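# Close look at the chain arrangement
One-letter residues, chain by chain:
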Amino acid sequence: MFSVCSDPSTLPQWQWLACYLTTGKHLAFYGSFGVVLLLLAITAPAALLFGFGAAASARSHFAPLSWLGKLYIAIVRGVPDIAFFLFFVIALDQGFEWLRHKIKCPDWDQPIRQGNDFVVCPAAKLPLGTSPQWVHETYGFFLAVLTFAIVFGAFAGNVLYGAMRAVPRAQMETAEAYGMSHRQAFWRILVPQMWVYALPGLSNLWMVLIKATPLLFLLGVEDIVYWARELGGSKTARFTDYPHGDWRIWYFLALLIFYLAFTRVSEIALTRIMRRLSHGQATAAGEAQRRSAGGPP
């Protein structure tokens, strides 16, 4: 391919396009789709874990723990996502560096805050200045995942808290009457039944999470939006071997197709999960399944 593409100006149009679509930047663009999918694969269970912890805390009988869960849900849901992504990541990064600074440089005698600058000792920097590029990229991705998990964990917590309250109280009372402890009733009765009530809200949250992945661009991660803007902009022969006009519409059209296809696949999968969870449940969906199967009304 190198010998064929060594002089793009002499190539037929189809070969020119083939060479153009296999440049290093385009390979990075294709890889960025994997970055988005990896973000979703890690963030979804992490956000669910944050949300479950928040919901369980919010319904706790221990008042300070209940206040903490409700405060987390209320504050994060009340702050605009764009503000959270722009400023929380900076605060999180500086928080990590401050902790490392206190541990690694106890004899540091200069102020950390110097005007608008945040200055820590070189050993406390994250990542270290001598670290390879992949370490910097991995650290940035880690901050993005943690930020997404905290933000969407608050919304998941609100959904799960409502689902826990939707499970009939009589079920818990019956379990406790049979000798189960409060903890046993929570894990054996409440948690298995709450998912059928939570899934519609979690499904909507999953769709919002998919649509929020372009915010990776704001967090410094080179995602599909970054590369679509970078590759689609006008190029001249002075700056590239593959000059072209403004092609951003075609790149963003590709992103549109990707997101529509991905959300459609998600809808199909979530519908099947909902059907499976509703089987045998005393809910409207479970009743509809019994009637369609010819069961008693």
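Before reading on, note that the structure itself is shown above.
Residues numbered from 1 in each chain as written. Predicted model: local features only at pLDDT ≥ 70, side-chain atom pairs only at ≥ 80, totals over all residues. Heavy atoms only, no water.

### Some words on the overall build of the chain
For clarity, the cut-off: Counting from the N terminus, the helices are the DSSP runs of H or I reaching at least four residues and the strands are the DSSP runs of E reaching at least two. Here's how the labels work: a residue is buried when its accessible area is under 20% of the maximum for its type, exposed when over 50%, partly exposed in between, all with a 1.4 Å probe on protein chains only. Residue contacts follow a heavy-atom distance rule, with two residues in contact if any of their heavy atoms lie within 4.5 Å. Method for areas: the Shrake-Rupley scheme with a 1.4 Å probe, in which residue coverage is limited to the protein chains shown.
For the chain, the helix and strand inventory stands at ten helices and two strands. Order of helices (α) and strands (β) in the chain, N terminus to C terminus: α-α-α-α-β-β-α-α-α-α-α-α. Considering the chain as a whole, with its 297 residues, one finds that 37% of them fall into the buried category. In the chain, of all internal contacts separated by at least 6 residues, the share reaching a separation of at least 24 is 66%. As displayed, the chain offers around 17700 Å² of accessible surface, 65% of which is attributable to carbon and sulfur atoms.

### Here we look at the pattern of salt bridges
Pairs can form between side chains of opposite charge whenever their charged atoms are close. What counts is decided by this rule: Salt bridges are defined as contacts in which a side-chain nitrogen from Lys or Arg sits within 4 Å of a carboxyl oxygen from Asp or Glu.
The full count for this structure, using the stated rule, is six salt bridges. For Arg169, the salt bridge goes to Glu176, with nearest N and O atoms at 3.9 Å. Judged by its relative accessible area of 29%, Glu176 is partly exposed. The residue Arg264 makes a salt bridge to Glu267 at a minimum N-O spacing of 3.1 Å. With Arg264 and Glu267 both in helix H9 (residues 248-278), this residue pair falls three residues apart, about one helical turn. The class for Glu267 is partly exposed, based on a relative accessible area of 37%. Three or more residues are tied together by salt bridges with common partners; here these are Arg169, Glu173 and Glu176.

### What about helix H2 (residues 24-58)?
To be explicit about the condition: What a helix should span is 1.5 Å times the count of its residues minus one. Bend angle per residue: angle between axes fitted to the 7 residues ending at that residue and the 7 residues starting there.
When the terminal C-alpha atoms of H2 are compared, their 49 Å separation across 35 residues agrees well with the 51 Å that a helix rising 1.5 Å per residue should span. Where H2 bends most, at Thr43, the angle is about 25°, and the proline Pro45 comes one to four residues later.

### Points about the environment of Arg113
Along the polypeptide, Arg113 turns up in strand S1 (residues 113-114). Contact partners of Arg113, with chain neighbours within four places excluded, come to Gln94 and Phe118.

### Describing the packing of H2 against helix H3 (residues 63-78)
Condition: Interaxial angles span 0 to 180 degrees and are taken between N-to-C directions of axes, which are lines fitted to C-alpha atoms, for helices over the stretch in contact. Angles are sorted into four bins: roughly parallel if under 35 degrees, roughly antiparallel if over 145, roughly perpendicular if 65 to 115, and oblique for all others. Note on convention: near helix rotated counterclockwise from far helix by under a right angle means a left-handed crossing. Clockwise means right-handed. Side-chain classes follow a simple rule in which Ala, Val, Leu, Ile, Met, Phe, Trp, Tyr, Cys and Pro form the nonpolar group, Asp, Glu, Lys and Arg form the charged group, and the remainder, Gly included, forms the polar group.
At a minimum axis separation of 7 Å, H2 and H3 run at an interaxial angle of 135°. In terms of orientation, H2 lies oblique with respect to H3. Like other packed secondary-structure pairs, H2 and H3 cross with a definite hand, here left-handed. Along its contact with H2, which presents Phe50, Ala54, Ser57 and Ala58, the element H3 presents Leu65, Ser66, Gly69, Lys70, Tyr72 and Ile73. The residue makeup of the contact of H2 with H3, split by class, is six nonpolar, three polar and one charged.

### Looking at a nonpolar patch on the surface
Definition in use: Patch membership requires over 30% relative accessible area and the absence of a salt bridge. Like charges are linked within 9 Å, and nonpolar side chains (Val, Leu, Ile, Met, Phe, Trp, Tyr) within 5 Å.
Where nonpolar side chains cluster on the molecular surface, the patch consists of Ile249, Trp250, Leu253, Leu256, Ile257 and Leu260 and spans about 660 Å² of accessible area. Relative to the elements of secondary structure, Ile257 occurs in helix H9. Under the relative-accessibility criterion, Ile257 is labelled exposed at 53%.

### Describing the environment of His26
Tracing the chain through its elements places His26 in helix H2. Between the alpha carbons of His26 and Leu231 there is a distance of 7.8 Å; along the sequence they are 205 residues apart. Sequence-distant contacts of His26, that is, excluding residues within four places in its chain, are made with Tyr20, Leu21, Leu231 and Tyr251.

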